[in-house]
Amino acid sequence: TLYRNSSFKNIHYVGEIGSDLDTILDYINAAGKVAQEKDEAAPVVVLDYLHLITSGKRIEAQELIKQTVTGLKRYAIDYNTFVFAISAAGREAMKAGELTLNSGRDSSNIEYTADNVLTLERAESQEEANDWQTMTIKAVKARYGRANEKRTISFCPAYNYFAPVAGFIGTGKTEKKKR
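Residues numbered from 1 in each chain as written. Predicted model: local features only at pLDDT ≥ 70, side-chain atom pairs only at ≥ 80, totals over all residues. Heavy atoms only, no water.

For strand β4 (residues 133-142) and strand β5 (residues 150-156), the ladder comprises six bridges, and the chain directions are antiparallel. Within β5, the residue paired with Ile 137 across the bridge is Arg 151. The pairing of β5 with strand β6 (residues 161-163) spans three bridges and is antiparallel. In the sheet register, Ser 154 faces β6, and the bridge partner there is Ala 163. In textbook terms, the turn of a hairpin is the stretch between consecutive antiparallel strands, and for β5 and β6 this stretch comprises four residues, one of which, Asn 160, has a positive phi near 50°. (Pairing = 2+ DSSP bridges. Helix = DSSP H or I, 4+ residues; strand = E, 2+ residues; numbered from the N terminus.)

The next point concerns the side chain of Thr 81. Along the chain, Thr 81 turns up in the loop between α3 (61-79) and β2 (83-86). Separated by 3.4 Å, the side chain of Thr 81 and the backbone oxygen of Pro 43 make a polar contact. (Polar contact = N/O pair within 3.5 Å; in protein donor to acceptor, adjacent residues only side chain to side chain.)

What follows covers the pattern of salt bridges. Side-chain pairs of opposite charge can arise where the charged atoms are in close proximity. Going through the model one piece at a time under the given rule, you end up with six salt bridges. Taking the shortest distance from any N to any O, the salt bridge between Lys 73 and Asp 115 comes out at 3.0 Å. Taken together, the residues span a long stretch of sequence, with Lys 73 in helix α3 and Asp 115 in the loop between α5 (108-113) and β3 (116-122) at a distance of 42 residues. A relative accessible area of 26% means that Asp 115 is categorised as partly exposed. Between Asp 78 and Arg 74 there is a salt bridge, with its nearest N and O atoms 2.9 Å apart. In this pair, Asp 78 and Arg 74 both sit in helix α3, four residues apart, roughly one turn of the helix. Here Asp 78 falls in the partly exposed class, since its relative accessible area comes to 39%. Taking relative accessible area as the criterion, Arg 74 reaches 45% and is therefore assigned partly exposed. Salt bridges here are not isolated pairs; linked through shared partners, they connect Lys 73, Asp 115 and Arg 143. (Salt bridge = Lys/Arg side-chain N within 4 Å of Asp/Glu carboxyl O. Buried < 20%, exposed > 50% of the residue type's maximum accessible area, 1.4 Å probe, protein only.)

What follows covers α3. Owing to its 3.6 residues per turn, the α-helix aligns residues three or four sequence positions apart on the same side. When the terminal C-alpha atoms of α3 are compared, their 27 Å separation across 19 residues agrees well with the 27 Å that a helix rising 1.5 Å per residue should span. Every buried residue of α3 is listed here: Leu 64, Ile 65, Thr 68, Val 69, Gly 71, Leu 72, Tyr 75, Ala 76 and Tyr 79. Each buried residue of α3 lies within a common arc of 165° when the element is viewed along its axis, so the set occupies one face. Positioned one or two residues after α3, Asn 80 has a phi angle of 50°, which is positive. (Expected span 1.5 Å × (residues − 1). Arc of directions from axis to C-beta.)

Turning to the nonpolar core, a few remarks are in order. By size, the foremost hydrophobic cluster in this structure holds 20 residues, and its most contacted members are Ile 28, Leu 50, Ile 53, Tyr 75 and Ile 110. Of all the elements in the fold, those that place two or more residues in this core are α2 (21-37), β1 (45-48) and α3. Counting residues per element, this core draws most heavily on α3, which supplies six residues. If near-sequence neighbours (up to four positions away) are discounted, Leu 50 is found in contact with Ile 65, Thr 68, Val 69, Ile 86, Ser 87 and Ile 110. (Core = buried A, V, L, I, M, F, W, Y, C linked by side-chain atoms within 4.5 Å. Contact = heavy atoms within 4.5 Å.)

Attention shifts here to the sheet that holds β4. In space, the four strands of this open sheet follow the order β3-β4-β5-β6, with antiparallel pairing throughout. On the outer flanks of this sheet lie β3 and β6, each paired with one strand and no other. For this sheet, the mean inter-axis angle between neighbouring strands, taken without regard to orientation, is 35°. (Axes fitted to C-alpha atoms, helices over the stretch in contact; angles between N-to-C directions.)

Tallying each qualifying case throughout the model produces one aromatic pair. With a centroid separation of 5.3 Å and 40° between ring planes, the pair formed by Tyr 75 and Tyr 79 is classed as tilted. In this pair, Tyr 75 and Tyr 79 are both assigned in helix α3, four residues apart and thus about one turn of the helix distant. (Phe/Tyr/Trp six-rings, centres within 6.5 Å; stacked < 30°, edge-to-face > 60°.)

With that settled, the discussion passes to the packing of α2 against α3. At a closest axis distance of 10 Å, the pairing of α2 and α3 adopts a crossing angle of 0°. Of the possible angle classes, the one that applies to α2 and α3 is roughly parallel. Where α2 abuts α3, its residues Leu 21, Leu 25, Ile 28, Asn 29, Gly 32, Lys 33 and Gln 36 lie against Leu 64, Gln 67, Thr 68, Gly 71, Leu 72, Tyr 75, Asp 78 and Tyr 79. Residue composition of the contact of α2 with α3, grouped by class: seven nonpolar, six polar and two charged. (Parallel < 35°, antiparallel > 145°, perpendicular 65-115°, else oblique. Nonpolar A, V, L, I, M, F, W, Y, C, P; charged D, E, K, R; others polar.)

Read these as geometric descriptors, not functional statements.
This is the structure:
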């Protein structure tokens, strides 16, 4: 309830603006300028999913991802905020069994540009019917921290909910979020 009344009210879905890179960058930069003029923190951006970005220009997927990552990082720097971009792992990485910094699809620019790269993997040998899945989150790149640190977390796909883990300090009661 505390989360719903404090942070959740500030989350806005902007799917209606489309997937065009220039449109997205114009939108977030305008939001950053408005926040700056009001002397407020610029919005945090969560881009779900990097490989769905499009462009009216004829460019290859790898170049489009490069331009996207560069534009998002510029926004984060200009407005002193955070950007999270969710990316796909390549088929070869999935076959290898462990995600690394090189696992992303069309991702060489992510590897060099991002300050932090996290992977999220489902623990092996779990029953599909299990409501809660054990997941491992790993920092494969941490420009200003320690890479290769891992944490085990619990995830409930039915409610798209991550449970608090040991050492996590929450802000109220834990409750399942219904879709």
